[in-house]
Each structure stands twice: as C-alpha cells, then as structure tokens.
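Given next are the chains, with one letter for each unit.
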Amino acid sequence: MCGIAGIVSTTRPDPALVRRMCEVIEHRGPDGAGFYSDEHAALGMRRLAIIDLASGGQPVYSEDGEVVAVFNGEIYNFAELRRDLSRRGHRLRGTGDSECLVHLYEEHGTEMVHRLRGMFAFAIWDRARERLVLARDRVGKKPLYWRSDGTSLVFGSELKSLAQDPRLRREVDPVALDHYLTYKYVPAPWSIYQDVHKLPPGHLLVWERGNVSVDRYWSLDSSPRPVLDEEAEEERLRELLLEATRIRMVSERPIGAFLSGGVDSSAVVAAMAMQSHEQVRTFCIGFEDSDYDERHKARMVAERYGTEHHELVVTSNLLDVLPHIAWHFDEPFADASAIPSFYVAQLSRKHVTVVLNGDGGDESFGGYQRYVRMGQAERIPVMPHTLAMPTGRLGDLIADRTVSGSWPRRLARLMQIAAAPPARRYARLMSQFTHRQKFALYSDELRELLAGVDSHRLLDEAFERSSAATCLGRILDVDIASYLPDDLLVKVDISTMANSLEARSPLLDHHLMEWAAGLPIALKVRNGETKVLLKRAVAPWLPKEILGFPKQGFDVPLAAWLRGELREPAFDLLTDATARSRGMFRPQAVRDLLQRHVEGADHSVQLWALLQFELWYRAHVTADDLARPETGCDPLT
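All of these numbers come straight from a predicted model, not from anything done at the bench.

Trainee: What is the right way to read the overall build of the protein from this model?
Mentor: Counting its regular elements, the protein contains 28 helices and 19 strands. For 637 residues, the compact-globule formula gives about 26 Å, and the C-alpha radius of gyration of the protein, at 24 Å, lands near that figure. Overall, the protein is about 70 × 60 × 50 Å in size when its C-alpha atoms are taken along their principal axes. Of all intrachain contacts in the protein linking residues separated by at least 6 positions in sequence, the fraction that spans at least 24 positions is 73%.

Trainee: So what exactly am I meant to see when it comes to the environment of Ala41 here?
Mentor: Of note, Ala41 is situated in strand S3 (residues 41-46). Classification of Ala41 as buried rests on a relative accessible area of 0%. It is 43 Å that separates the C-alpha atoms of Ala41 and Ala468, two residues lying 427 residues apart in sequence.

Trainee: Help me out: how do you make sense of the packing of helix H15 (residues 422-430) against helix H19 (residues 471-481) in this one?
Mentor: For any two helices packed against each other, one specifies the inter-axial angle together with the distance between the axes. At their nearest, the axes of H15 and H19 sit 11 Å apart, and the two run at 45 degrees to each other. With respect to H19, the axis of H15 lies oblique. Two packed elements cross with a definite hand, and for H15 against H19 that hand is right-handed. From H15, Pro422, Tyr426 and Met430 reach across to H19, where they touch Cys471, Ile475, Val478 and Asp479. Here the contact of H15 with H19 is composed, by residue class, of six nonpolar, no polar and one charged.

Trainee: How should I be thinking about the packing of helix H2 (residues 78-87) against helix H3 (residues 100-108) in this particular structure?
Mentor: Between H2 and H3, whose axes approach to 11 Å, the crossing angle comes to 50 degrees. Considering the angle they form, H2 stands oblique to H3. As for the relative orientation of H2 and H3, their crossing is left-handed in sense. Across the interface between the two elements, Phe78, Leu81, Arg82 and Leu85 from H2 touch Cys100, His103, Leu104 and Glu107 from H3.

Trainee: Just to check I follow, could you spell out the sheet that holds strand S17 (residues 502-504) for this structure?
Mentor: Two pairing modes exist for strands in a sheet, parallel and antiparallel, and in both the strands are linked by backbone hydrogen bonds. Taken together, the five strands give an open sheet; going across it, the order is S15-S14-S13-S16-S17, and neighbouring strands pair in parallel fashion. Of all strands in the sheet, those with a lone pairing partner are strand S15 (308-313) and S17, marking the two edges. Direction aside, neighbouring strands of the sheet carry axes that sit 30 degrees apart on average. Pairing geometry for strand S13 (residues 255-258) and strand S16 (residues 354-356), over three bridges, is parallel. The partner of Ala257 across the bridge, within S16, is Leu356.

Trainee: Explain the sheet that holds strand S4 (residues 60-61) to me, please; I cannot follow it from the model alone.
Mentor: If you walk across this open sheet you meet the six strands as S4-S5-S6-S7-S11-S12, and the pairing is antiparallel. If you trace the sheet from one side to the other, it starts and ends with S4 and strand S12 (211-216), each paired once. In this structure, strand S5 (residues 67-75) lies alongside strand S6 (residues 118-126), joined through nine bridges in antiparallel fashion. Along S6, the bridge assignment pairs Ile75 with Gly118. This element, H3, spans S4, S5, S6 and strand S7 (131-136) of the sheet and lies at about 120 degrees to S5.

Trainee: Help me understand the side chain of Arg425, please; the structure alone is not making it clear to me.
Mentor: Within the secondary structure, Arg425 is located in helix H15. Arg425 sits in the buried class, given a relative accessible area of 3%. In contact with Arg425, not counting residues within four places along its chain, are Met374, Ala377, Glu378, Ile380, Pro381, Val382, Ile417, Ala418 and Ala420.

Trainee: Just checking my understanding: could you explain empty space enclosed by the protein for this structure?
Mentor: A complete count under the given rule lists six cavities of 30 Å³ or more for this structure. If you go around the largest cavity, you meet 25 residues; those closest to its centre are Pro143, Tyr145, Glu331, Val490 and Ile494. If one sorts the elements of the lining of the largest cavity by residue count, helix H20 (residues 483-497) sits on top with six residues. Its residues assigned to classes, the lining of the largest cavity comprises 13 nonpolar, three polar and nine charged.

Trainee: Whenever I open this one, the layout of surface pockets confuses me. Can you help?
Mentor: Its volume calculated, the second largest pocket comes out at about 670 Å³. If you go around the second largest pocket, you meet 28 residues; those closest to its centre are Arg216, Ala462, Arg465, Ala481 and Ser482. Among the elements of the structure, helix H18 (456-465), H19 and H20 are those that each provide at least two residues to the lining of the second largest pocket. Here the element with the most residues in the lining of the second largest pocket is H18; it accounts for five residues. Taken together, the residues that form the lining of the second largest pocket break down as 17 nonpolar, five polar and six charged.

Trainee: For this particular structure, what's the right way to read a nonpolar patch on the surface?
Mentor: On the surface, a nonpolar cluster with roughly 340 Å² of combined accessible area is contributed by Trp407, Leu411 and Leu414. Considering the arrangement of structural elements, one finds Leu414 in helix H14 (residues 407-418).

Trainee: Help me understand the pairing of S3, please; the structure alone is not making it clear to me.
Mentor: Within a regular strand, side chains alternate between the sheet's two faces. Of all six residues making up S3, six are buried, and the element is well covered by its neighbours. Taking every second residue as pointing to the same face, both faces of S3 are buried, with Ala41, Leu43 and Met45 on one and Ala42, Gly44 and Arg46 on the other. Pairing analysis gives six bridges linking strand S1 (residues 3-9) to S3, with the strands arranged antiparallel. For Ala5, the partnering residue across the bridge sits in S3 and is Gly44. Pairing of strand S2 (residues 33-37) with S3, which is carried by five bridges, proceeds in the antiparallel orientation. Across the sheet, the residue bridging to Ala33 is Arg46, located in S3. Turn length for the S2-S3 hairpin, with the two strands adjacent in sequence and antiparallel, is three residues.

Trainee: I tried to follow the side chain of Arg82 on my own but got confused; where do I start?
Mentor: Residue placement: Arg82 occurs in helix H2. Arg82 has contacts with Leu92, Gly94, Thr95, Gly96, Glu99 and Cys100, leaving out every residue within four places of it along the chain.

Trainee: Hey, could you run me through the nonpolar core in this one?
Mentor: In globular proteins that are soluble, nonpolar side chains generally tend to be buried together. Within the largest apolar cluster, 140 residues are counted, with the highest numbers of intra-cluster contacts made by Phe122, Phe585 and Trp608. For Phe122, the contacting residues outside a window of four places in its chain are Ile4, Val70, Phe71, Leu101, Met112, Val113, Leu116, Val133, Leu134, Ala135 and Leu144. Residues Met249, Leu259, Ala302 and Leu519 belong to the second largest nonpolar core, which totals 34 residues.

Trainee: Sorry, what's going on with H3 here?
Mentor: Think of an α-helix as 3.6 residues a turn; residues three or four steps apart then line up on the same face. H3 sits mainly inside the fold: seven of its nine residues count as buried. Looking one or two residues past H3, Gly109 carries a phi angle of roughly 60 degrees, positive in sign.

Trainee: Can you walk me through the packing of aromatic side chains in this structure?
Mentor: For any pair of aromatic rings, geometry is given as the distance between the ring centres together with the angle between the planes. The tally for this structure, following the rule as stated, stands at 15 aromatic pairs. Centre to centre, the rings of Trp125 and Trp207 are 6.4 Å apart; their planes meet at 40 degrees, and the pair counts as tilted. Taken together, the residues Trp125 in strand S6 and Trp207 in strand S11 (residues 203-208) connect sequence positions 82 residues apart. Residue Trp125 is classed as buried on the basis of its relative accessible area, which comes to 0%. With relative accessibility at 1%, the residue Trp207 sits in the buried group. Through successive ring pairs, a cluster of aromatic residues spans Tyr193, Phe439, Tyr442, Phe585, Phe613, Trp616 and Tyr617. Positioned above the aromatic ring of Tyr368, the side-chain terminus of Arg370 is 4.0 Å from the ring centre. The ring of Tyr483 carries the charged tip of Arg370 above its face, separated from the ring centre by 4.9 Å.

What counts, and at which threshold
In every chain, residue numbers begin from 1 and rise along the written sequence. Since the coordinates come from a predicted model, pLDDT governs what is reported: local features require at least 70, and pairs of side-chain atoms require 80 or more to be given and counted, while whole-chain, interface and lining totals use all residues. Note that the side-chain values use all heavy atoms of the structure and ignore hydrogens as well as water. Numbering of helices and strands starts at the N terminus; helices are DSSP runs of H or I of at least 4 residues and strands are runs of E of at least 2. The size measure is the radius of gyration over C-alpha atoms, and the globule rule it meets is 2.2 Å times the number of residues to the 0.38 power. When checking whether two residues touch, look at their non-hydrogen atoms; a contact exists if any pair is within 4.5 Å. Burial classes follow relative accessibility: with a 1.4 Å probe on protein chains only, a residue under 20% of its type's maximum area counts as buried, one over 50% as exposed, and anything between as partly exposed. Think of each axis as a best-fit line through the C-alpha atoms, taken over the contacting stretch in the case of a helix, with angles from 0 to 180 degrees between the N-to-C directions. Roughly parallel means an angle under 35 degrees; roughly antiparallel, over 145; roughly perpendicular, 65 to 115; everything else is oblique. Left-handed describes a crossing in which the near helix is turned anticlockwise from the far one by less than a right angle; the clockwise case is right-handed. Any residue that is not Ala, Val, Leu, Ile, Met, Phe, Trp, Tyr, Cys, Pro, Asp, Glu, Lys or Arg is counted as polar, Gly included; the first ten are nonpolar and the last four charged. Two strands qualify as a pair provided that DSSP identifies no fewer than 2 bridges between them. Points on a 1 Å grid over protein atoms alone make up a cavity when a 1.4 Å probe fits among them but cannot get out, and a pocket when they form an open set with protein on both sides within 12 Å along at least five of seven lines; lining residues each have an atom within 4 Å of a point. Grid points are joined across faces, edges and corners, and a volume is the space filled by probe spheres set on the points. What makes a patch is a set of residues exposed beyond 30% relative accessible area and free of salt bridges, joined within 9 Å when like-charged and within 5 Å when nonpolar (Val, Leu, Ile, Met, Phe, Trp, Tyr). Using a 1.4 Å probe, the Shrake-Rupley method yields the accessible areas, and only the shown protein chains count as cover for residues. Salt bridges, as used here, are contacts in which a Lys or Arg side-chain nitrogen is within 4 Å of a carboxyl oxygen on Asp or Glu. Side-chain atoms within 4.5 Å link the members of a nonpolar core, which is a set of buried Ala, Val, Leu, Ile, Met, Phe, Trp, Tyr and Cys residues. A pair of Phe, Tyr and Trp rings is counted when the ring centres sit within 6.5 Å of each other, with Trp represented by its six-membered ring. The angle between the planes then sorts it: under 30 degrees is stacked, over 60 is edge-to-face, the rest tilted. Either the NZ atom of lysine or the CZ atom of arginine qualifies as a charge over a ring when it sits within 6 Å of the ring centre and within 35 degrees of the ring normal.

Written out as structure tokens, the structure is:
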C-alpha cells in the first residue's frame, strides 16, 4: 500500500510513532518514505512514484518552509497548476504534482481544493498558524482515517497505521458493525473501531490548536437540464471521455487497463487505443464456471484494438487467499468480488504500474439492472401501514427460505419493495441482512446497544440530499454517495495498492460526472434499457455484441463455494470457541444459518459477511501484531 500518516498536537508529538505508522503501509516498489517533524507536528508518507521520478520526493515545502504537505494520489491538471503558480512567482523545484499543494494553499487557503482535478488524500501543516488541513477527493478514491482526543489528532491512509498508536483501543464499534452487516461495508464517517473516523469523500478537516471542524466542499448537483439534441449530447460525451482518459495516461511507468468486456471498461480501452502511440496492455480475470466468465467479451475488444491482452483463470485455493485479503482490508469487507479484483491487480502488476478502469459508469449513466427494477417499482403504490408491515414480514420469511434467482425469491423482493415507502425501497434492495435477521443473530448485550439504530437512515438521508427530479435519479445519487465510495472504490484501491499498482478511473472525472448528473433520467434508464446515452455514444467504438450483452459484473459463485470447498471451513470459523468467545452473535443462530444454506436456502451473502468479519477480527483485533500473514496465496509467483 501507499499512503500518508501523521500526528499533530498541542504538545510535542512522537516522530518515532509516525515512522512506525508508515512502516505498516506496505510498499513493494523502489520508492522510499519521507518524514517531517517540528514541535507540534510529525508527518510521514509512502507513495508509489508514477510522475517526476527523479525529483518528486515528499514531504514538499513552501519557499520559506512554513507550509509542508504529504500527499497520496494523483493530480491530473498539475501542468496547468504549475504554469499558473509560476506566473504568480512561486519557485517550483520538480516537475510533478505534489509541490503544487503547498503553493496552492499559500494562494487560496482551503479553497485550493476546488482547483484540483484528481484523486487524493493529503495533509498540509501550516506551522505559523499551528493548523492542519486534511482533504479527501470528491468521490473518495483515496482513503483517510483520523482520531482526535482533544489535544492531538492522528491520521493515516490505513486503519492498521493508526493501530500502531498504543492509545488506540482496538474495540469494535457496535453501530459500525450493524451498518456493515446491512451493507457489507462500513460506511463513512464510521470506522469499525470506536473513536476512529473516516473523512468522507468531498470533505475537508481542519485542526487548529486542538479544535476540529469537518466540512463538505463538493456535492453533485443532479438538477436536470433540458436536452434538445441527443446526438449533440452523444458527441459531447465522447469528447469528455476522451479527454478524461487522455489526462490519466500521463505516466513515467508502464500503463495498461482492466478489461472485463463490459461497456465501461471497453469504452475506456477504446479511448486509450485511439490516443496512444503504443500498443495498449489489457488484463482480464475469468472463472472455470461459464456463468461467471466474461473473457470472451473482453477478447472481442482486445482483438478490435490489437491490445497486448493477458488473462488469468481464478482456480487458487480460497483457504489460502482469504486471510491474505482480510489483512489488506483494514475493515471487514464482504463484497466477494474483492477476490477477482485482487487477482487481476496481481496479474496486471507483472506488466504495468498504472491501470485505467471503467469504475463509475454504472452510477453516473444508470448501468445496474436494479435501476430498471426500481423504475418499475415507482408504479407500485405505497401500501397503507396496516398492510405494509405484514406484507414486508411475509416477504422477509420467503426470502429467508428461497434460492437467489428463483421466482419465489423474486416474489419476496417484490413484497419487500411494495411494503416500503420510496426512500426505503432501495435501502431494502441493497441490504444483506434485514433488521429482523440481524437481531436474530445478536447477543442480548448487542441487542441492547443497538436498540435505536436504523442503518437504512443512511440511505434515507442521501436520498433526501439529492437534487434529482425523479425518484430513480435520486437512487443514482444514493449510490454515488454510498455504494460507490464505500464499496467499489475501497475494493479497487486496496486491491491495487496492495500490489503496488495504481488505478485511475476516467469515468470518475468530476467534470464528466457533473455533466452526466444533469442529464434527464430517460437518457440513462428507459423502457428497461440501461446506459441509454452512454451505449449510443460509444457504439461507434465497440463491437456491437458488447452493447447487447446483459451486465454481469464481477460476480463469483459464492453460494456454491459455501456449499463446497468453504462449507467445512465456514462451520469451523463461525462456530468454534474463538468465534463464540466474542459474545456478539448467538451461536445457535449462526449454526442454523449455516445449516439452512447447506440444505438449499440461499444465505450466501449473510454467511459471507459473517465469515469476513471473523477473518478480519482474527487478523486485526486479536493478532499479537499487524504483520502481514504468510499465506503463500500468490498464484502468480
């Protein structure tokens, strides 16, 4: 991994602690760490160098040394910023992006964030004012954790980095656990540990002499604009995608792309090939199970653009890889697509240091089939409260006892949706556990602690904040505020950084996202079709078969794994004396869930969430130290 860490305090901080915090930020590349300390601050960083290899070291300083910065990520408009700063009289020593931060801060203060185009988490220490500024990029590509005790503030890109501080008690926050079981990730601003927070995307934190303030600096405006010429919009989309891809191809290290064969990654590869003087390198992961294998689609695009194409079929022993992944993911994380994501990152790192991907296309342009279902659900009137409660409960019971994809399960989902008001329908659809299922698992103590907690309020609030004109438009905004940064971007950032690989996402360029947010919802989802405008815009670039394939995603055969090679390990891990000693879950309820799944009901997502929590707990909470486990899981070496 690459990242930043530091301490600011009203008294002298411990530079040795910051060095330990940086040491656990795994880094397998050739670049070293950088450190700064004074009477009130100690900062450190480890960054995978991509640009300005010769003189791009950190920390970076203002001319008088009073402002210092450490930084993780990439600023794509750095050339433009450097020209402007030079005109204003600043002396720039290197040729890269990092030193822009201190000079932008001198010119604009915290308003500097509005001039940045990229992915970033940075810390700026203003020595004269005894002021720390932390910032995270608009959509949350780069992580940042923090903890304050009133007199000091500790921050880091990784939770295991903060855990080096002996003052941090590695105690699970029960509210964060409840949210995790609902959504399969811990949403910002929570972290899995009590008293540690995640800085949300698009936010600034300012610490000044012990006082902390956290403020949002960016949010997406989804107010629809009139569209008079759809062909002109298609052309504008192609221009924006080409430009967003071009600026992400600047690198002094080898560059390639993830290619799944879906519309988004295929469009990015096409945009790269049209603007590259060299052969594009592409990377794809497949499975032996044809229901989950998309390599044939990726090959169509690779052949069209003559890419240097690499594939890997995932066949390794899951018992080896799961503890390894649990260590890298500093919090419990139950998106099973982290496994193929990790493998495609390993495959890519053998050939390149930077990869482009198609992340963000589904959220900005309406790519998920669930958006079609939610659009259809708008026709279902809200039930009276007297009918809603029993209908919802019956839907829950049917869902508990049926197989995913079966008609009874689809009926159950329909009943659950019909029983909920519009803002709650999507929350129910995105939940791994219902409130009733969670409380059936919880111990008496945990039930008491969580009696007033409602995880669905998080999506309610995001729904209400949206400026979109339609219910479906608001749902897309909910995903951009929650699922995208807390699930998808966490998965990709950790999978790539763990392999000293940098991932860049043209479709998450904030200029493109802001333009897309103003499109009418009918140009995203219409008459059962997804990505209406995006597919039309990139149709000249792609094989026609790619546009007609249904979206598959990065799915894995999870239910089969938990009835096959993971059946016994799951029983052992979730029911042994170590797991029971946590005192969080009722042992008999866990055993019943395992048994019902084996007998045919599909509880794979719930069991996977419990399994990942247990693996995480053993790797991070009860481990004697946070050293990387020796699992021998790397199938590529």
